[in-house]
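Below, each chain spelled out in residue letters.
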Amino acid sequence: LFERGRSGAQLTAFGATFLPDAQALVQQFDAVRERTAQSRRGERGALHIGFGLSTLTLAPRYVAAFKARHPDLDITLKDLSSAQQTKCLQDGRLDLGFVRLPVAKGLASLPLLGDQLALAVPQHSPWQDLPKKWDGVNAQGFVALAPTRGPGLHAQVERWCAAKAFTPRVVQTADDLQTVLALVAAGVGVALVPFGAAALALQGLRWLPVAHPAARWKLGLAWAAQREHAAAARFVQMVREDSSERLHG
């Protein structure tokens, strides 16, 4: 590669031919070393995050803020129930999840906000407030999210109904919340849905919050307590700082 003389070393003809490849290898090594360091710092790689009905606006907002800080991260956001998110967090298919609290054993969590049931009614409905007697509501009938699509919401509605000794007459089910709300707006019936989903509100809807202990629940960010993931740790720290600022701001 080199010819050495009194004036120093010079490249041989073979060395001069090999030089561009050697320089490329050094540059590639430096690039790989930097990408490795970024991955260890949580600035590169993949991050899989789950969210549900009550965090339809919260989760994407945090994802957008985190993506702006770390554009080299590949972030996947999945719409799953809290029960599905819990299983995925436990077996490693999700790194983070916005779920109902409390979380299952083996998961850590950061409380973020509360939600409650609300009665979604058509805009032309005569009800301006929650009715004192629900017989008239039952006469119109309920539109419900399929239990398999929203098991947490279904269980919450059942708890509230049990506390009120009320049995809703379901006239239509749907597989997603937007369809439920569209059916309500069309006058098919009314629906008990998360008040946090009001951000999705279609025109022609009125929201009547349900003020009852059995109609309320808490939500938070969850992750596997023993699993190390640098990007997930950075995301948790960002959310923790933001929630602390909102709490004290």
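Predicted model only: the values in this text are computed from it and were never measured.

1. Some words on helix H3 (residues 82-91)
Here comes step 1: Among all positions in H3, only Ser-82, Gln-85, Thr-86, Cys-88 and Leu-89 are buried.
Here comes step 2: Once H3 finishes, Gly-92 follows within two positions and takes phi at roughly 90°, a positive value.

2. Digging into the packing of aromatic side chains
Here comes step 1: Scanning the entire structure with this criterion turns up seven aromatic pairs.
Here comes step 2: Their ring planes at 50° and their centres at 5.5 Å tell us that Trp-134 and Phe-166 sit as a pair that is tilted. You can see Trp-134 sitting in the loop between strand S6 (107-122) and helix H4 (135-140) and its partner Phe-166 sitting in the loop between helix H5 (151-164) and strand S8 (170-174), a full 32 residues away along the chain. Here Trp-134 matches Phe-166 in class, with each residue buried.

3. With respect to a nonpolar patch on the surface
Here comes step 1: Taken together, the side chains of Leu-1, Phe-2, Leu-11, Phe-14, Phe-18, Leu-19 and Leu-25 make up a nonpolar region of the molecular surface, amounting to roughly 680 Å² of accessible area.
Here comes step 2: Broken down by element, the nonpolar patch gets its largest block of residues, four residues, from helix H1 (residues 13-40).
Here comes step 3: By the element assignment, Phe-2 lies in strand S1 (residues 2-5).
Here comes step 4: For Phe-2, a relative accessible area of 48% puts it in the partly exposed group.

4. Remarks on the nonpolar core
Here comes step 1: The biggest cluster of nonpolar side chains holds 57 residues, and the ones touching the most others in it are Leu-47, Leu-96, Phe-98, Trp-160, Leu-221 and Phe-235.
Here comes step 2: It is S6 that provides the largest number of residues to this core, a total of seven residues.
Here comes step 3: Once you skip the residues sitting within four places of it in the chain, Leu-96 turns out to touch Leu-47, His-48, Ile-49, Gly-50, Leu-89, Leu-221, Ala-222, Trp-223, Ala-232, Phe-235 and Val-236.
Here comes step 4: Residues Cys-88, Leu-89, Leu-94 and Val-99 belong to the second largest nonpolar core, which totals eight residues.

About the cut-offs
- Residues numbered from 1 in each chain as written.
- Predicted model: local features only at pLDDT ≥ 70, side-chain atom pairs only at ≥ 80, totals over all residues.
- Heavy atoms only, no water.
- Buried < 20%, exposed > 50% of the residue type's maximum accessible area, 1.4 Å probe, protein only.
- Helix = DSSP H or I, 4+ residues; strand = E, 2+ residues; numbered from the N terminus.
- Phe/Tyr/Trp six-rings, centres within 6.5 Å; stacked < 30°, edge-to-face > 60°.
- Patch = residues over 30% accessible without salt bridge, like charges linked within 9 Å, V, L, I, M, F, W, Y side chains within 5 Å.
- Areas by Shrake-Rupley, 256 points an atom, 1.4 Å probe, with all protein chains shown as cover.
- Salt bridge = Lys/Arg side-chain N within 4 Å of Asp/Glu carboxyl O.
- Core = buried A, V, L, I, M, F, W, Y, C linked by side-chain atoms within 4.5 Å.
- Contact = heavy atoms within 4.5 Å.

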